[in-house]
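Residue-level structure breakdown
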Amino acid sequence: MDKPKVVLGVSGGIAAYKACELLRRLTESGHEVQVVPTASALHFVGEATWAALSGRSAATEVWESVHDVPHVRIGQGADLVVVAPATADMLAKAAHGLADDLLTNTLLTARCPVVFAPAMHTEMWEHPATQENVATLRRRGAVVIEPAVGRLTGKDTGKGRLPDPEEIYEVCRRVLARGTAGPDLSGRHVVISAGGTREPLDPVRFLGNRSSGKQGYALARTAAARGARVTLVAANTALPDPAGVDVVRVGTAVQLRKAVLKAAADADAVVMAAAVADFRPAAYATGKIKKQDGQEPAPVALVRNPDILAEISADRPRSGQVVVGFAAETDDVLANGRAKLRRKGCDLLVVNEVGETKTFGSEENEAVILASDGDETPVPHGPKEALADLVWDQVAPRLA
Ligand code: CTP
């Protein structure tokens, strides 16, 4: 089989040096990469580096090898164009269809999926001009990865950092895997809850569960790769923020409810992958609970937590919203799942079997996706990412 053909566009920002790592990752994993740096990018990283890492000359000029019509050929032949870093100027040119150099020409001739990984100062990213350009590009189906938060050039920190090359690579890999199916969630906002809530007893103890958050994070990464704007409400996870995703961190079920409802107000889909505690201690001891010599411990009284999934399903924060739940069952998995789907009132319920050694914390999952219209889709044992993509395959056609 032919190697997938990737065009790596590099625009002129200091993060260009990180694109070298992305290039290496792409070539090492069997992609044929044509680097197209802009003239400004070449101030940061020279042509020799791009040529050595890609195994072919970098294409820099519309006026070179004109007989070969490079400004059309490169874009037409690509399976994927990824621009990393994409400067504010590059996003503006792409949004407005300007074509004053080889890379912008390539963007106009490409018929394949396009991924932009922006990098710039926070002020430039937040400027309404840039935000409108990003919205335009997303509306047209391009995947614009949300920049990371962290150290910027000079002494600044904030949003605008180029996402980790490995994260950009993962987005590219998933976009390529979808082929012509393309970014079917572009222009959509999805909210995903992940992890497990902790219900405090006192300042040092809590009631919790064994959820790692990996399935919810896989849903977030795959949705971003399919073009969605993603809000991830993460309860007590130890996982790195996925590129291109807005992460809201919470602790308890009550906090999770508040964050999910807030984000859900304009969401097209809500996926409740978090393991939410059904009960919380009735009282919170402000000081550490001490054992008393010769006395039995006092029983812990519990009260019910709100059922967020049932609440959102019954009273959708936005009409036409698709609501997805997860059910972790230890016995009678399918029968319990079907009953839970009816009880909760959601559109889809992903049912999986859990146990001390099953699913929690692992990289893989096996499930059945139950739909309220009676559809049942078994998902064979495989990576959590594969299950996540199948969930989005079910969500996408149900979106209003
Ligand atoms: N969920 C929720 N709020 C809760 C409890 C659960 O939104 N207070 C959501 C979870 O995020 C998940 C789904 O409901 O999407 C199923 O949770 P689960 O705990 O398996 O179901 P329960 O309703 O608790 O049913 P049971 O106790 O019978 O297992």
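Residues numbered from 1 in each chain as written. Predicted model: local features only at pLDDT ≥ 70, side-chain atom pairs only at ≥ 80, totals over all residues. Heavy atoms only, no water.

Turning to the overall build of the protein, a few remarks are in order. Per the secondary structure count, the protein includes 14 helices and 19 strands. Computed over C-alpha atoms, the radius of gyration of the protein comes to 24 Å, within 12% of the 21 Å expected from 2.2 N^0.38 for 400 residues, which places it in the range of a compact globule. In terms of overall dimensions, the protein has C-alpha extents of about 90 × 50 × 40 Å along its principal axes. The contacts in the protein between residues at least 6 apart in sequence include a share of 67% that link residues at least 24 apart. Within the structure as shown, the protein displays about 19,000 Å² of accessible surface, and the carbon and sulfur contribution to it stands at 51%. Measuring between centres, the 46 positive side-chain charges of the protein sit 4 Å from its 49 negative side-chain charges. (Helix = DSSP H or I, 4+ residues; strand = E, 2+ residues; numbered from the N terminus. Rg over C-alpha atoms; globule rule 2.2 N^0.38 Å. Contact = heavy atoms within 4.5 Å. Areas by Shrake-Rupley, 256 points an atom, 1.4 Å probe, with all protein chains shown as cover. Lys, Arg positive; Asp, Glu negative; His and termini not counted. Charge placed at Lys NZ, Arg CZ, Asp CG, Glu CD.)

Another point: the pairing of strand β13 (residues 269-272). The two faces of β13 match: A269 and V271 on one face and V270 and M272 on the other face are all buried. Relative to β13, strand β8 (residues 189-195) runs parallel, the two being bridged by four bridges. From the neighbouring strand, I192 faces β13, where its bridge partner is V271. Bridge analysis of β13 against strand β16 (residues 322-329) gives four bridges, and the strand direction is parallel. Across the sheet, residue V271 finds its bridge partner in β16, namely V324. (Buried < 20%, exposed > 50% of the residue type's maximum accessible area, 1.4 Å probe, protein only. Pairing = 2+ DSSP bridges.)

Moving on, we come to the state of the cysteines. Within this structure, the stated rule accounts for zero disulfides. Considering cysteine sulfurs only, C172 is the nearest to C112, which forms no disulfide, with 11 Å between them. (Disulfide = S-S within 2.5 Å.)

Per the counting criterion, the structure on display carries 25 salt bridges. Between E32 and R56 there is a salt bridge; the shortest N-O distance is 3.1 Å. With E32 in strand β2 (residues 32-37) and R56 in the loop between α3 (47-54) and α4 (70-76), this pair connects stretches of sequence that are 24 residues apart. Here D100 ties to K93 by a salt bridge, and the two come within 3.5 Å at their closest N and O atoms. Accessibility expressed as a relative area gives 53% for D100, which makes it exposed. Relative accessible area serves as the criterion here: at 16%, K93 is assigned to the buried category. Look at the salt bridges and you will find they share partners, linking E170, R173, R174, R221 and E385 into a network. (Salt bridge = Lys/Arg side-chain N within 4 Å of Asp/Glu carboxyl O.)

Let us look at helix α13 (residues 333-344). Across its 12 residues, α13 extends 16 Å between first and last C-alpha, which sits within 8% of the 16 Å expected from 1.5 Å per residue. Within the sequence span of α13, burial applies to G337, K340, L341 and K344. Looking straight down α13, one finds that the buried residues subtend no more than 105° of arc, so they occupy a single side. Away from the buried face of α13 by more than 90 degrees, exposed residues R342 and R343 are located. Contacts from the buried residues of α13 go to α12 (308-314), β16, β17 (348-353) and β18 (364-371). (Expected span 1.5 Å × (residues − 1). Arc of directions from axis to C-beta.)

Turning our eyes to something else, we now look at the packing of aromatic side chains. Tallied over the entire structure, the rule returns zero aromatic pairs. One Lys or Arg, R25, reaches over the ring of Y169 and ends 4.2 Å from the middle of that ring. (Phe/Tyr/Trp six-rings, centres within 6.5 Å; stacked < 30°, edge-to-face > 60°. Lys NZ or Arg CZ within 6 Å of the ring centre and 35° of its normal.)

This brings us to the layout of surface pockets. A volume near 1,000 Å³ is recorded for the largest pocket. Surrounding the largest pocket, 42 residues form its lining, A274, A275, V276, F326 and A328 being those nearest its centre. Where the lining of the largest pocket is concerned, the elements lending two or more residues are β8, α10 (214-225), β15 (302-304), α12, β16 and α13. Ranked by residue count, the leading element in the lining of the largest pocket is β16, at four residues. Class assignment for the residues of the lining of the largest pocket results in 19 nonpolar, 15 polar and eight charged. (1 Å grid on protein atoms, 1.4 Å probe; cavity = no way out; pocket = protein on both sides within 12 Å on 5 of 7 lines; lining within 4 Å. Points joined across faces, edges and corners; volume = space filled by probe spheres on them. Nonpolar A, V, L, I, M, F, W, Y, C, P; charged D, E, K, R; others polar.)

This part takes up the domain arrangement of the protein. Often the size quoted for an interface is simply the accessible area lost on bringing the parts together. Partitioning the protein into domains gives domain 1 (5-181) and domain 2 (189-399). Using only C-alpha atoms to locate each centre, domain 1 and domain 2 end up separated by 35 Å. Every contact between the two is made by 10 residues of domain 1 and, on the other side, 14 residues of domain 2. Between domain 1 and domain 2 lies a buried interface of about 1,000 Å² when both sides are counted; carbon and sulfur atoms form 56% of it. Of all residues in domain 1, the largest losses of buried area upon contact with domain 2 belong to E167, R174 and R178, amounting jointly to 52% of the total for that side. We note a salt bridge from E385 to R174, for which the minimum N-O separation is 3.5 Å. For the pair domain 1 and domain 2, the interface holds one residue pair in polar contact (both at pLDDT 80 or more). For the side of domain 1 that touches domain 2, the residue count by class is five nonpolar, no polar and five charged. (Domains from an automatic or database assignment. Buried area = accessible area lost by both parts, 1.4 Å probe. Polar contact = N/O pair within 3.5 Å; in protein donor to acceptor, adjacent residues only side chain to side chain.)

In the region of the ligand, 15 residues are neighbours, and M272, A274, D278, F326 and K344 sit closest. Between an oxygen atom of the ligand and a main-chain N or O atom of M272, the distance comes to 2.7 Å. Bound to the protein, the ligand loses 78% of the 580 Å² it would expose on its own. The cavity that encloses the ligand is the largest pocket. For the shell around the ligand, the secondary-structure elements that each account for two or more residues are α12, β16 and α13. (Near = heavy atom within 4 Å. Sits in = over half its atoms within 2 Å of the grid points.)

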